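Residue strings, one per chain:
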Amino acid sequence: MTQERTVLYENNEIHYLLEQKAVKNLNLRIHKDCRVYVSASPDISVEKVDDFVASKGRYIYSAQKKFREMAQFATQPKQYVSGETFYLLGRGLRLKVEQSDKDKISTDGVYLLLKVRNTQDSMKKEKMVTKYMDGQCQMIFEEIVWETYPVFQKYGVLMPKLRIRNMETRWGSCLAQKGIITLNKRLVEAPRNCIEYVVMHEFCHLIHPNHSRHFYDFLTMLMPDWKQRKTILDQSAVFWL
């Protein structure tokens, strides 16, 4: 059962959609379009849910502001022509397209060098760039996961399976019971230390599958500067998402 509800936070209205279903906790999500969704058990009164949403007012407005900024700075679809910028590990790479008798893509750290037989073939250029970035994504994520794992091995954690997906509202997720960590493909555009933070965050869920105080204490013990890394990630995302 779903219903639309409204609460007040600092004299401003927060509209949200409440879905009552069999869940253990109150779950709050803000979607990319700034709509607010809450799921809760039917046993929890709507008044209690209203109070919960109102208590999260500051977080809700902050998230909505971020999504509006992301929409404002959203890049136009790529044309795969010289001069366009692609991000890898926090660095902007300028695309340079050149005609060649052999298709090839590489980078020198400044340019993303794309050599193609037909410089007007946009589909071919897109396919090559996408394949290259996907390869970088797989290599970098796997490397960081393997670097992170030894810390958790002593806690009896099995090496998780890594999945890479396009995700609209999350940098990563963890299915603790199945031992699966999923990372957002666009995360490869962020600085490496930000990727390390997300990986560490999801690994911690293999031990604490929640966002309790114990989870954050554990994360802080393993990565004392995680808040600074998260801030860099959140601030940078506006410009390259």
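In this text the structure is predicted, and so the values were computed from the model without any measurement.

Side note on the sheet that holds strand E9 (residues 161-165)
And then number 1: Pairing within the open sheet is mixed, and its 3 strands lie in the order E9-E11-E10. The open sheet has two edge strands with one neighbour each: E9 and strand E10 (172-175). On average, each strand axis in the sheet is inclined to that of its neighbour by 20°, with strand direction left out of account.
And then number 2: With 5 bridges joining them, E9 and strand E11 (residues 180-184) adopt parallel strand pairing. Across the sheet, Lys 161 pairs through a bridge with Ile 180, a residue of E11.
And then number 3: Sheet strands in contact with helix H3 (residues 122-153) are E9 and E11, and its direction is about 145° off that of E9.
And then number 4: Packing of helix H4 (residues 192-205) onto the sheet brings it into contact with E10 and E11, and relative to E10 it is tilted by some 20°.

A closer look at the sheet that holds strand E7 (residues 104-107)
And then number 1: Strand order across the open sheet formed by 4 strands is E5-E6-E8-E7, with mixed pairing between neighbours. A single partner strand is all that each edge strand has here, and the edge strands are strand E5 (85-88) and E7. In this sheet, neighbouring strand axes are inclined to one another by 30° on average, regardless of whether the strands run parallel or antiparallel.
And then number 2: Examined bridge by bridge, strand E6 (residues 91-99) and strand E8 (residues 111-116) share 6 bridges and lie parallel to one another. Each bridged residue has a counterpart across the sheet, and for Leu 95 the counterpart in E8 is Leu 112.
And then number 3: In the packing of H3 onto the sheet, contacts are made with E5, E6, E7 and E8, and the angle to E8 comes to roughly 135°.

Points about a positive patch on the surface
And then number 1: A contiguous patch of positive charge, built from Lys 161, Arg 163, Arg 165 and Lys 178, is present on the exposed surface.
And then number 2: Relative to the helices and strands, Arg 165 is located in strand E9.

Focus on the pairing of strand E2 (residues 12-20)
The two faces of the sheet receive side chains in turn, since in a regular strand these alternate between them.
And then number 1: Alignment of strand E1 (residues 2-9) against E2, held across 8 bridges, turns out to be antiparallel. The partner of Thr 2 across the bridge, within E2, is Glu 19.
And then number 2: The antiparallel pairing of E1 with E2 creates a hairpin that spans 2 residues between the two strands, and Glu 10 there sits at a positive phi of about 50°.
And then number 3: With 5 bridges connecting them, E2 and strand E4 (residues 36-40) associate as parallel partners. Bridge pairing links Leu 18 to Val 38 in E4.

Reading guide: rules and limits
Residues numbered from 1 in each chain as written. Predicted model: local features only at pLDDT ≥ 70, side-chain atom pairs only at ≥ 80, totals over all residues. Heavy atoms only, no water. Pairing = 2+ DSSP bridges. Helix = DSSP H or I, 4+ residues; strand = E, 2+ residues; numbered from the N terminus. Axes fitted to C-alpha atoms, helices over the stretch in contact; angles between N-to-C directions. Contact = heavy atoms within 4.5 Å. Patch = residues over 30% accessible without salt bridge, like charges linked within 9 Å, V, L, I, M, F, W, Y side chains within 5 Å. Areas by Shrake-Rupley, 256 points an atom, 1.4 Å probe, with all protein chains shown as cover. Salt bridge = Lys/Arg side-chain N within 4 Å of Asp/Glu carboxyl O. Lys, Arg positive; Asp, Glu negative; His and termini not counted. Charge placed at Lys NZ, Arg CZ, Asp CG, Glu CD.

Keep in mind these values describe shape, not function.
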